[in-house]
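Residue-level structure breakdown
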Amino acid sequence: MKKIGVLICGLGFIATTEHIPALKRIPGVELVGVVSSSKERSRSIAEKFKVKRWYTDYDKALEDPEVEVVDITSPTFRHKEQVLKAVEAGKHVIVEKPIALRLSDAKEMTEKARKRDVKFMVAHCLRFWPEYMRVKEMLDEGVIGEPRIARAYRLSSYPMWSWKLWHKHIELSGGVAVDLMIHDIDFLRWTLGEVNEVFARGGIYLFKDATAHDFMHALLKFKSGAIAYVEGSWIMPKEFPFTTYLEIAGTRGLLVVDNQATATLRLFRRGVQEVLTPVAENAYYLELK
């Protein structure tokens, strides 16, 4: 059986800790190439994960006939150019969130993919995280009635692992709202519907030379009348564990997802309290599969 050939573009933290290990485990998939602007990085990652070919030239990598899918895990400011080149080469594309820094860029990328008739997907991993998938199912099933109020937090220390701390610059990362809060904003829009009012505030607290917000909170009002509070932070102490929290209250119950709790999904209804701990492959594996 012929395997689907995948090329990974961008060999930073998320590629080496999640995407490459997941791709290596998916049946019917072969990681045929990796590409990085650093010769040493590209070669060492290829050797470590036993990948056929390594490149420093993205255009040359796209010429490989074995490459059917390009998995783009590079910094956000490079997404548009790399996606458009892959699509033009007739490759299917999955790109890490956020899709782009400008809505016009996102539209150009999606329209180009449609014209070339290739698959194009943004890697919003919350849509594939087992607990969050179950929340979506339960909301669709009406388990807690009509959703009315939601809260979502995503808190971490600063991404010091990033290449030249590119997250500090608004023109490169979009700041904590675009880079980190986008997970919860996307999930809430997926589950609660479209938003028609936003009030948000944020600030720059860690680096005096930064131009991108490292803390942000937002109030969202949905067309359904539901409201949500969303908070994103890169200003937590280095020792602080990466913390996510989701709470959705409906007319007949409450759903809570807390990554610091032993039981990660809990349901509260009148006279009923259920603890649900889904066991499955993680979100990166599921989204790539």
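Please refer to the structure higher up on the page.
In what follows, the accompanying structure is described. Predicted model only: the values in this text are computed from it and were never measured.

If you check which residues of helix α6 (residues 130-140) are buried, you get Pro 130, Glu 131, Tyr 132, Val 135, Lys 136, Met 138 and Leu 139. At the C-terminal side of α6, Gly 142 shows a positive phi close to 75°.

A complete count under the given rule lists nine aromatic pairs for this structure. Seen in terms of ring centroids, Tyr 153 and Tyr 245 are 5.6 Å apart; in terms of plane orientation they differ by 20°. Their pairing is stacked. In this pair, Tyr 153 sits in strand β7 (residues 147-155) while Tyr 245 sits in strand β11 (residues 243-250), placing the two residues 92 residues apart along the sequence. A network of ring pairs unites the aromatic residues Tyr 132, Phe 187 and Trp 190 as a single cluster. The side chain of Lys 136 reaches across the aromatic face of Trp 190, ending 5.1 Å from its centre. Across the ring face of Phe 207, the terminal group of Lys 168 is positioned such that the distance to the ring centre comes to 4.8 Å.

With respect to the helices and strands, Cys 9 occurs in strand β1 (residues 4-9). Cys 9 gets classed as buried once you look at its relative accessible area, which sits at 3%. For the pair formed by Cys 9 and Ser 74, sequence separation is 65 residues and the distance between their alpha carbons is 6.4 Å. Here Cys 9 is in contact with Val 35, Tyr 58, Val 70, Asp 71, Ile 72, Thr 73, Ser 74 and Gln 82, once residues within four sequence places are set aside.

Of all the seven residues making up strand β10 (residues 227-233), five are buried; the element is thus mostly covered by neighbouring parts of the structure. By the bridge criterion, seven bridges tie β7 to β10 in an arrangement that is parallel. Across the sheet, residue Ile 149 finds its bridge partner in β10, namely Ile 227. Of the strand pairs in this sheet, strand β9 (residues 215-222) and β10 are connected by seven bridges, and their pairing is antiparallel. Residue pairing for β10: Leu 219 is matched across the bridge by Tyr 229. Joining the antiparallel neighbours β9 and β10 is a turn of four residues, in which Gly 225 adopts a positive phi near 100°.

So, how was this worked out
Residues numbered from 1 in each chain as written. Predicted model: local features only at pLDDT ≥ 70, side-chain atom pairs only at ≥ 80, totals over all residues. Heavy atoms only, no water. Buried < 20%, exposed > 50% of the residue type's maximum accessible area, 1.4 Å probe, protein only. Helix = DSSP H or I, 4+ residues; strand = E, 2+ residues; numbered from the N terminus. Phe/Tyr/Trp six-rings, centres within 6.5 Å; stacked < 30°, edge-to-face > 60°. Lys NZ or Arg CZ within 6 Å of the ring centre and 35° of its normal. Contact = heavy atoms within 4.5 Å. Pairing = 2+ DSSP bridges.

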